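Secondary and tertiary structure notes
Residues per chain are reported as follows:
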Amino acid sequence: MNKPMMKGATIAVMGLSTLAIAVAAQAEQTLNIVSWGGAYSMSQQKAYHEPWMEKSGDEIVNIDRSGNALAGLRAQNQAGNVTWDLVDMLPADALIACAEGLIEPLDHDELLAEAPDGTPPTEDFIDDSLTECFVPSIVYSNIVAFNTEMFPEDKQPSTIADVFDLENYPGKRTLLRKPINNLEWALVADGVAPEEVYDVLETEEGVQRAFAKLDTIKDQVIWWEEGAQPPQLLADEEVAFGSAYNGRIFNAMVTEDQPFEIIWDAQVFELDGWVVPTGKLDKVKDYLYFATDTQRLADQAKYISYGPARKSSSDMVSTHAETGIDMTPHMPTYPPNFETAIPKDDEFWADNNDELTQRFNAWLSQ
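None of these values were measured; they are calculated from a predicted model. (Residues numbered from 1 in each chain as written. Predicted model: local features only at pLDDT ≥ 70, side-chain atom pairs only at ≥ 80, totals over all residues. Heavy atoms only, no water.)

Here we come to the domain arrangement of the chain. For the chain, the assigned domains are domain 1 (11-138 + 273-314) and domain 2 (140-271 + 332-364). Here domain 1 and domain 2 have C-alpha centroids that lie 32 Å from each other. Considering only the surface of domain 1 that becomes buried against domain 2, Ile-138, Ser-305 and Tyr-306 emerge as the three largest contributors, covering 38% of it. Linking domain 1 with domain 2 are 0 salt bridges, by the criterion used here. Listing elements by their share of the side of domain 1 that touches domain 2, those giving two or more residues are helix H4 (91-99), strand S4 (135-147) and strand S9 (307-308). In terms of residue class, the side of domain 1 that touches domain 2 is made up of 9 nonpolar, 3 polar and no charged. (Domains from an automatic or database assignment. Buried area = accessible area lost by both parts, 1.4 Å probe. Salt bridge = Lys/Arg side-chain N within 4 Å of Asp/Glu carboxyl O. Helix = DSSP H or I, 4+ residues; strand = E, 2+ residues; numbered from the N terminus. Nonpolar A, V, L, I, M, F, W, Y, C, P; charged D, E, K, R; others polar.)

Written out as structure tokens, the structure is:
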């Protein structure tokens, strides 16, 4: 080979090397993903992030800001510098963010994976859980739990009505210091069918009925404001019953061996999931496709007792990563647990939260 040809070959090789480096640089990117922190973010890290980083070469940076995600997106948009690429957000906040143009509208059947049997995403996720700008990943529940050692073995409570029955089930209760969940449970305990709760709450008579039922236990209630309080109060036997997030009670039961039991009757279940900040869809769509597929949502249930938002994931839920116990009966979406479940009505609470909170606080002060 003469020198001009060698020179040309060298330039070609250098060009290919430069191209390869450019392609590699393009393939490996940093994704700034916002979530809630703690055990929940850890479950995402194990189920989604680590497998994706191994698969793609991307780096994922966890940011614990979901508690103020809506305000954070507003501030970044006003500053013209959106640094978040994907945000874990509650559906109610997602509705607001979508209306304000802070997050991307999503074509769910185009962007998300089919179920293993070919069912399209819009039919595989829990009914009505996909909204214009929101993709759910988990179902968690607001439940009432009790300390089994505070009741005789042959008289363990099992329904929400039992929580309001001081004669047969004495003892203090601890409930969240907000109207949400408490009004729903009061109506169910008073005989309203779970599927009719919000229709009743839409009326003044229904609201009065709920407060009247809460009156029957008011002097036996310790009101909590932080999620760690109910398990501690139950463990110390300061209360017999406690409303709580199901994941908190599961952790206390399984990792701390606390003698607790969950009353799944009339659980008020909520969704949690992903929104994409405006302008970030191209950057995160491959990750979003991966992280919300059937296997990944089933995998998350190995690390936390929240149900997968896909129907096809339910049969794939396996055992707890640390203890090896079967996670299926601990899922809010497990059919026996889900029979009387109440889906939190985000639109109802968006419209009525301020007024009902004022009434609730006034009722507390009476």
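Quick look at the pattern of salt bridges now. Within this structure, the stated rule accounts for 13 salt bridges. For the salt bridge of Lys-46 with Glu-50, the shortest nitrogen-to-oxygen distance reads 3.9 Å. With Lys-46 and Glu-50 both in helix H2 (residues 38-56) and 4 residues apart, this pair spans about one turn of that helix. Here Lys-46 falls in the partly exposed class, since its relative accessible area comes to 37%. Between Asp-85 and Lys-280 there is a salt bridge; the shortest N-O distance is 3.2 Å. (Buried < 20%, exposed > 50% of the residue type's maximum accessible area, 1.4 Å probe, protein only.)

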